[in-house]
Amino acid sequence: MKISFKEKLLVVSVGLIYCWFGGLKFFPNLSPAEDLAKNTIHQLTLGLIPDQVSILILAIGEVTLGVLLIVGFMRQQAVVLSLIHMACTFLPLFFFPGEVFGEEPLSLTLLGQYILKNLIIVAALVSVYEKKTTTTRRILEKEVPKQSLVTKVWVTISSYK
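Residue numbers run consecutively from 1 along every chain, following the written order of its sequence. Only residues with pLDDT of at least 70 are given local features in this predicted model, and only at 80 or more are side-chain atom pairs given and counted; all residues enter the totals for whole chains, interfaces and linings. Only heavy atoms go into the side-chain values, all of them from the structure, while hydrogens and water stay out.

### Focus: the nonpolar core
The criterion is simple. A nonpolar core is a set of buried Ala, Val, Leu, Ile, Met, Phe, Trp, Tyr and Cys residues joined through side-chain atoms within 4.5 Å. Here the term buried applies to any residue with accessible area under 20% of the maximum for its type, exposed to any over 50%, and partly exposed to those in between, with areas from a 1.4 Å probe on protein chains only. Formed by 13 residues in total, the largest nonpolar core has its most connected members in V14, Y18, L69 and L125. Numbering of helices and strands runs from the N terminus; a helix is a DSSP stretch of H or I covering at least four residues, while a strand is a stretch of E covering at least two. Elements supplying a minimum of two residues to this core: α1 (5–24), α3 (51–71), α4 (75–89) and α8 (118–143). Broken down by element, this core gets its largest block of residues, four residues, from α8. Leave out the neighbours within four places in its chain, and L69 touches V11, V14, G15, Y18, A78, V79 and S82. Listed in part, the six residues of the second largest apolar core include L36, L93, F96 and I115. Contact definition: two residues touch when any of their heavy atoms are within 4.5 Å.

### Focus: the pattern of salt bridges
Think of a salt bridge as a Lys or Arg side-chain nitrogen and an Asp or Glu carboxyl oxygen that are within 4 Å of each other. Counted under the stated rule, the structure contains three salt bridges. Its salt-bridge partner being K25, residue E62 comes within 3.0 Å of it at the nearest N-O pair. Placement of the pair is E62 in helix α3 and K25 in the loop between α1 and α2 (34–44), with a sequence separation of 37 residues. E62 sits in the buried class, given a relative accessible area of 6%. Residue K25 is classed as buried on the basis of its relative accessible area of 7%.

### Quick look at the packing of aromatic side chains
For any pair of aromatic rings, the description consists of the separation of the ring centres together with the inter-plane angle of the planes. Aromatic rings from Phe, Tyr and Trp, with only the six-membered ring used for Trp, were paired whenever their centres fell within 6.5 Å, and each pair was classed as stacked if the ring planes differed by under 30 degrees, edge-to-face if by over 60, and tilted otherwise. Scanning the model with the defined rule gives two aromatic pairs in all. Aromatic pair F21 and Y114: ring centres 5.6 Å apart, planes at 10°, arrangement stacked. Placement of the pair is F21 in helix α1 and Y114 in helix α7 (residues 110–116), with a sequence separation of 93 residues. A residue is classified by how much of its surface remains accessible, and F21, at 25% relative accessible area, is partly exposed. When the ring of F95 is compared with that of F96, the centres are 6.1 Å apart and the planes differ by 80°; the resulting orientation is edge-to-face. When the ring centre of Y114 is taken as reference, the NZ or CZ atom of K117 above it lies at 4.5 Å. Lysine NZ or arginine CZ positioned within 6 Å of the ring centre and within 35 degrees of the ring normal marks a charge as sitting over the ring.

Read these as layout, nothing more, since geometry by itself doesn't imply function.
What follows is the structure, encoded as structure tokens:
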């Protein structure tokens, strides 16, 4: 399926962010979100997955999603998985509000800002997802020709012979 330049730019940009941020997690203490990610996964899995394993799985997952988005392979599935991942990135807002929110009303710490920037990624992913489903729907509508009432009646009458 042919995609527009703007859509390709969005998908590749999100893919690069995934590769970059995921790649940092392969190296201990290089990602500013490493501890937050480990703590969030620890909460979600009730501590069943060791922190070092969980951060490695997260790094592999993020880089894989990034590559899929950049290359355009399984794009629809990659977008859905990315949206699920993005939903999980907002969990620290509820799990660790003390690390995310500042002392003043509506203020965020640097970690909080790091999380909130994901709203832009979500918007880009939703935009790409809707674009693809809309385009697919248009293609399917073109493939199924609309029949006039006369044609429908003729087909019905012809089928009785």
